[in-house]
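Observations on the model geometry
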Amino acid sequence: MFFEKKAIVTGGTRGIGYAIAKMLVENGCTVVITGRNKDTVESTASEIGAIPFVWDVSDIENCKEKFRECTKLLGGLDILVNNAGIFARRSEWNPEQLLKTTPEEWDSVMKTNAYSVFFMMQNAVNYMLENEIKGNILNVTSVVGEEPTYGAYGASKICATGLTKGWGKMFAPHGITINGIAPGPVATEMNGWHEGDSLSHSRIPYGRFAVIDEIAELAKYLLSDKAKMVCGETVILDGAYHIR
């Protein structure tokens, strides 16, 4: 499906990013995966047949240079998946902890989850326009971006969702398709789930966590030529979790 297409997947060493990167490779795409830990990036890339690239995407000052290195490794770029993300170190759903949030904690989350989305899209769109590529960008946001927010994580996901809508509309006339996926609770270590744990989830109407392969399957459609008329949308995958 993605034969000879070239992709960057940020945060591609585990969870959702891993599943999407693996799906792209299996469907004929040449993929660079990024991550902060050299050993993890290299071992994961070797496992799935991707190209490893050590990169902390929260380092905004070096974003343009790192992006250029990635496109050189790939020999081009057709697909960008902005997946890298972190939680706040304090629970923003706990009033006591929320009121102790520091500027450093806020900045850490926003740089990874929001700033990087903007500047990665900026670099990717510039590259696609300069090289007349009708490419695809997919932003992995969160269902919390669809709800009232309390702290840095929620704010960063609202930002990413809004950017997806705005950039999707702005660059659709150039044939660049920009969309998002907003997962609810997913069976990943980031959400406290570990291999062997039950998938059951009492607060999700469908009754269980989503799994990463379900998100990768949705990404497969949104990044394909079949979805070109889906522009600026963030598709929620959460078993009706967010519906109140």
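For every chain, the first residue of the written sequence is number 1, and numbering continues from 1 along that sequence. Under the rules for a predicted model, residues below a pLDDT of 70 receive no local features and side-chain atom pairs below 80 are neither given nor counted, while totals for whole chains, interfaces and linings still include all residues. Hydrogens and waters are ignored; side-chain quantities use all the structure's heavy atoms.

Here's the deal with the environment of Ser156
Applied cut-off: Each helix is a run of H or I in the DSSP string that is no shorter than four residues. Each strand is a run of E no shorter than two, and both are numbered from the N terminus. Only protein chains enter the area calculation, which uses a 1.4 Å probe; residues under 20% of their type maximum are buried, those over 50% are exposed, and those in between are partly exposed. For this analysis, a polar contact is any N or O atom pair within 3.5 Å, provided that within protein one partner can donate a hydrogen and the other can accept it, and provided that sequence-adjacent residues contribute only side-chain to side-chain pairs.
In this fold, Ser156 is placed in helix α6 (residues 152-171). When its relative accessible area of 0% is taken as the criterion, Ser156 is described as buried. Spatially, the C-alpha atoms of Ser156 and Tyr115 are 8.5 Å apart, while their sequence positions differ by 41 residues. Within the local environment of Ser156, its side chain forms a polar contact with the side chain of Asn113, the two groups lying 3.2 Å apart.

Section: the pattern of salt bridges
Spelled out, the test is: The term salt bridge refers to a pairing of a side-chain nitrogen on Lys or Arg with a carboxyl oxygen on Asp or Glu at a separation within 4 Å.
A full pass over the atoms with the stated rule returns six salt bridges. In this structure, the salt-bridge partner of Lys22 is Glu26, at a minimum N-O distance of 2.7 Å. One end of the pair, Lys22, and the other, Glu26, are both in helix α1 (residues 15-26), four residues apart, so they sit about a helical turn from each other. What makes Glu26 exposed here is its relative accessible area of 55%. Of the charged contacts, one joins Glu105 and Arg90 as a salt bridge, the two residues approaching to 3.0 Å between their closest N and O atoms. Taken together, the positions of Glu105 in helix α5 (residues 103-130) and Arg90 in the loop between β4 (79-82) and α4 (95-98) put the pair 15 residues apart, joining distant regions of the chain.

Some thoughts on the nonpolar core
Definition in use: Definition of nonpolar core: a set of buried residues of the types Ala, Val, Leu, Ile, Met, Phe, Trp, Tyr and Cys, connected through side-chain atoms within 4.5 Å. Whether two residues are in contact is decided by their heavy atoms, any of which lying within 4.5 Å being enough.
Membership of the largest hydrophobic core comes to 31 residues, with the highest contact counts inside it found for Ile20, Leu24, Val31, Ile33, Ile79 and Val81. For this core, the secondary structure elements donating two or more residues are β1 (6-9), α1, β2 (30-35), α2 (38-48), β4, β5 (136-140) and α7 (212-222). Here the element with the most residues in this core is α1; it accounts for seven residues. With near-sequence residues (within four places) excluded, Val31 lies in contact with Ala7, Val9, Ala21, Leu24, Val25, Ala50, Ile51 and Leu74. Counting residues in each nonpolar core, the second largest holds 27 residues, with Trp55, Ile133, Phe171 and Ile178 among its members.

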